[in-house]
Amino acid sequence: MNIAIFGYGKMGKEIEKILIERGHKVVERITSKSDKSAINTSNIDVVIEFSSPHAAAANIQFCIDHKLPIVIGTTGWYEQLDTLKQNCNANQSAMVYGTNFSIGVNIFFTINSALAKIMNANLGYTCTVKEVHHTEKKDAPSGTGITIAEDIIAEMDTYQKWENVNKSEISGPEVLSLASERLPDVPGTHIVSYENNIDRIDLIHTAKNRTGFALGSVLAAEWIKNKQGVFSIKEIMPELIKEII
Ligand SMILES: NC(=O)C1=CN([C@@H]2O[C@H](COP(=O)(O)OP(=O)(O)OC[C@H]3O[C@@H](n4cnc5c(N)ncnc54)[C@H](OP(=O)(O)O)[C@@H]3O)[C@@H](O)[C@H]2O)C=CC1
Ligand SMILES: O=C(O)C1=N[C@H](C(=O)O)C[C@H](O)C1
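Keep in mind that this is a model prediction, so the values were computed, not measured. Numbering of residues starts from 1 in every chain and runs along the sequence as written. Throughout, the order in which chains and ligands are written sets their labels, letters from A for the former and numbers from 1 for the latter. Reporting of local features is limited, given that this is a predicted model, to residues whose pLDDT is at least 70; pairs of side-chain atoms are given and counted only at 80 or more, and all residues count toward the totals for whole chains, interfaces and linings.

Colleague: Break down the overall build of the protein chain for me, with residues and values.
Modeller: Each helix is a run of H or I in the DSSP string that is no shorter than four residues. Each strand is a run of E no shorter than two, and both are numbered from the N terminus. Each helix and strand in the protein chain was counted, giving 7 helices and 11 strands. Restricting the calculation to C-alpha atoms gives the radius of gyration, and the globule rule supplies 2.2 Å times the number of residues raised to the power 0.38. Compactness check: the protein chain gives a C-alpha radius of gyration of 19 Å against a globular reference of 18 Å for 245 residues, within 12% of the reference. In terms of overall dimensions, the protein chain has a C-alpha envelope of 60 × 35 × 35 Å along the principal axes. Restricting the contact set of the protein chain to residue pairs at least 6 apart, pairs at least 24 apart contribute 66%. What counts as a contact here is a pair of residues whose C-beta atoms, placed from the backbone, lie within 7 Å.

See the structure below:
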């Protein structure tokens, strides 16, 4: 396939390596300095978008307008998701979006929801979520941290919303604490903890590098070619996993 990479930074370069390994061709490498009006859209099968929270929505709309299927890994733009979903469907275009494309994290999402369901039985545990990332990350909390928190809230009656503890103290027992830490060179670590007076259970995912995120996005690009509609990585992951086993 001919792939355009929108956002040629840490992730864009990692994605390029996987694309080449899997026999694809990179036909565009777009950064903040690129002129999108100069792109030859007829030469592109799929766009993979890992840019910046402030840039993603305009890039997604550009792809919708040109009917270019797009895989969106960028985080921090989700307040515009509903509008862009509507625009995508109205123009009969295609998109896959997700806060985390790694297979390991998507397994973690499943376990997180299952554990939260068990913990909903009022066992006296307090839940907290923490994410740790590299110091260049622009958004906090991480998109993955938000997905984890929302999935816990969906299962547990105790929690009604999450709050980023770095910005304010937790305001009540109905609030799930979501902490963020920034340390040099950390690709992405997510920790869910349940604690009471007797013990503590930790569920931890540690990314050792960015390969998992990149591979998942390339598998999604292969999947979305010639499709139409709006898909989340969570819903298509079971199909993607079949492609690599
Ligand atoms: N869903 C997932 O699995 C994952 C998501 N991410 C997310 O992906 C995003 C990118 O991460 P990362 O690669 O580490 O970030 P980097 O800062 O390393 O790279 C960002 C790239 O985007 C470019 N960019 C900025 N503005 C635009 C624009 N308007 N159009 C196109 N490109 C633009 C930058 O260009 P320039 O250098 O000129 O500024 C740079 O090349 C983040 O939101 C991150 O959270 C990261 C890992 C996994
Ligand atoms: O910015 C990153 O690096 C990452 N961003 C994503 C997020 O915000 O969850 C995914 C991954 O953890 C790396």
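Next comes the rest of the account.
Colleague: Please provide a residue-by-residue account of helix α1 (residues 10-21), values included.
Modeller: In an α-helix, one full turn covers 3.6 residues, which means residues spaced three or four apart are oriented alike. Its 12 residues place the ends of α1 17 Å apart at the C-alpha level, agreeing with the 16 Å of an ideal helix rising 1.5 Å per residue. Residues with at least 20 neighbouring C-beta atoms inside 10 Å of their own are called buried, those with 12 or fewer are called exposed, and the rest are partly exposed, where every C-beta is derived from the backbone. Among all positions in α1, only Met11, Gly12, Glu14, Ile15, Ile18 and Leu19 are buried. Projected onto a plane normal to the axis of α1, the buried residues spread over an arc of 165 degrees and lie on a single side. Relative to its buried face, α1 has exposed residues pointing more than 90 degrees away, namely Ile20 and Glu21. Buried residues along α1 sit against β1 (2-6), β2 (25-30), β3 (46-49) and α6 (211-224). Residue Gly23 follows α1 closely and has a positive phi angle near 85 degrees. One less than the residue count of a helix, multiplied by 1.5 Å, gives the span that helix is expected to have. An arc is given here, and it is the one of the directions from the helix axis to the C-beta atoms.

Colleague: Give a detailed account of the site of ligand 2, specifying residues and quantitative values.
Modeller: Near ligand 2 you find Thr75, Thr99, Asn100, His133, Lys137, Ser142, Gly143, Thr144 and Gly188, and these make up its full shell. For every domain, the bounds stem from an assignment made automatically or drawn from a database. When we break the shell around ligand 2 down by domain, the ones giving at least three residues each are domain 1 (2-101 + 210-244) and domain 2 (103-206). Placing a C-beta atom from the backbone of each residue, we mark the residue near a molecule or strand if the atom is within 6 Å of it.

Colleague: Give me the lowdown on the UniProt feature "domain: Dihydrodipicolinate reductase N-terminal" (unreviewed entry) in the protein chain, citing residues and values where you can.
Modeller: Summarizing the sequence annotation, UniProt attributes the feature "domain: Dihydrodipicolinate reductase N-terminal" (unreviewed entry) to residues 1-101 in the numbering used throughout. This span, residues 1-101, is 32% helix and 22% strand, and a straight line between its end C-alpha atoms measures 20 Å. UniProt positions are given in the numbering used here, feature names are shortened, and annotations may be inferred rather than shown by experiment.

Colleague: Could you give me a rundown of the site of ligand 1, with the residues and numbers involved?
Modeller: Surveying the vicinity of ligand 1 reveals 26 residues, the closest of which are Gly7, Gly9, Met11, Ser32 and Ala55. No other element matches the 3 residues that α1 contributes to the shell around ligand 1. Basically, the charged four are Asp, Glu, Lys and Arg, the nonpolar ten are Ala, Val, Leu, Ile, Met, Phe, Trp, Tyr, Cys and Pro, and anything else, Gly included, counts as polar. Residue composition of the shell around ligand 1, by class: 9 nonpolar, 15 polar and 2 charged.

Colleague: Talk me through the sheet that holds strand β9 (residues 189-195); I want residue IDs and the actual numbers.
Modeller: Spatially, β7-β8-β6-β9-β10 is the arrangement adopted by the 5 strands of the open sheet, whose pairing is mixed. Here the strands that pair on one side only, and so sit at the sheet edges, are β7 (161-164) and β10 (200-206). Strand-to-strand twist of the sheet, defined as the mean angle between neighbouring strand axes without regard to direction, takes the value 20 degrees. Taken strand by strand, helix α4 (residues 103-119) contacts β6 (126-133), β9 and β10, and its axis lies near 165 degrees from that of β10. The pairing criterion is simple: DSSP has to find at least two bridges between the two strands. Note on definitions: angles span 0 to 180 degrees between N-to-C directions of axes, and those axes are lines fitted to C-alpha atoms, for helices only across the stretch in contact.

Colleague: Account for the domain arrangement of the protein chain, naming residues and giving values.
Modeller: Segmentation of the protein chain into domains returns domain 1 (2-101 + 210-244) and domain 2 (103-206). Considering every element that reaches the side of domain 1 that touches domain 2, the biggest residue donor is helix α7 (residues 233-244), with 4 residues. Residues that form the side of domain 1 that touches domain 2 fall into these classes: 4 nonpolar, 7 polar and 2 charged.

Colleague: How would you sum up the sheet that holds strand β5 (residues 94-97)? Please name residues and give values.
Modeller: Sheets are built from strands paired through backbone hydrogen bonds, the pairs being either parallel or antiparallel. Taken together, the 6 strands give an open sheet; going across it, the order is β2-β1-β3-β4-β5-β11, and neighbouring strands pair in parallel fashion. The open sheet is flanked by β2 and β11 (229-232), the only strands paired with a single partner. Strand after strand, the sheet turns through a mean of 20 degrees between neighbouring axes, direction not considered. Pairing geometry for β3 and strand β4 (residues 70-72), over 3 bridges, is parallel. Its bridge partner being in β4, Val47 is matched across the sheet by Ile70. α1 contacts β1, β2 and β3 of the sheet and is inclined by roughly 165 degrees relative to β1.

Colleague: Let's hear about unusual backbone geometry: which residues, and what values?
Modeller: With omega at -5 degrees, the peptide bond leading from Ala140 into Pro141 counts as cis. Mapped onto the elements of the fold, Pro141 is located in the loop between β6 and α5 (143-155). Although it is not a glycine, Asp185 sits at a positive phi angle of roughly 65 degrees. Topologically, Asp185 is positioned in the loop between β8 (175-182) and β9. Judged by local crowding, Asp185 falls into the exposed class, with 8 C-beta atoms found within 10 Å. Despite not being glycine, Asn226 has its phi angle at roughly 70 degrees, a positive value. Overall, Asn226 belongs to the exposed group, with 9 C-beta atoms counted inside 10 Å.

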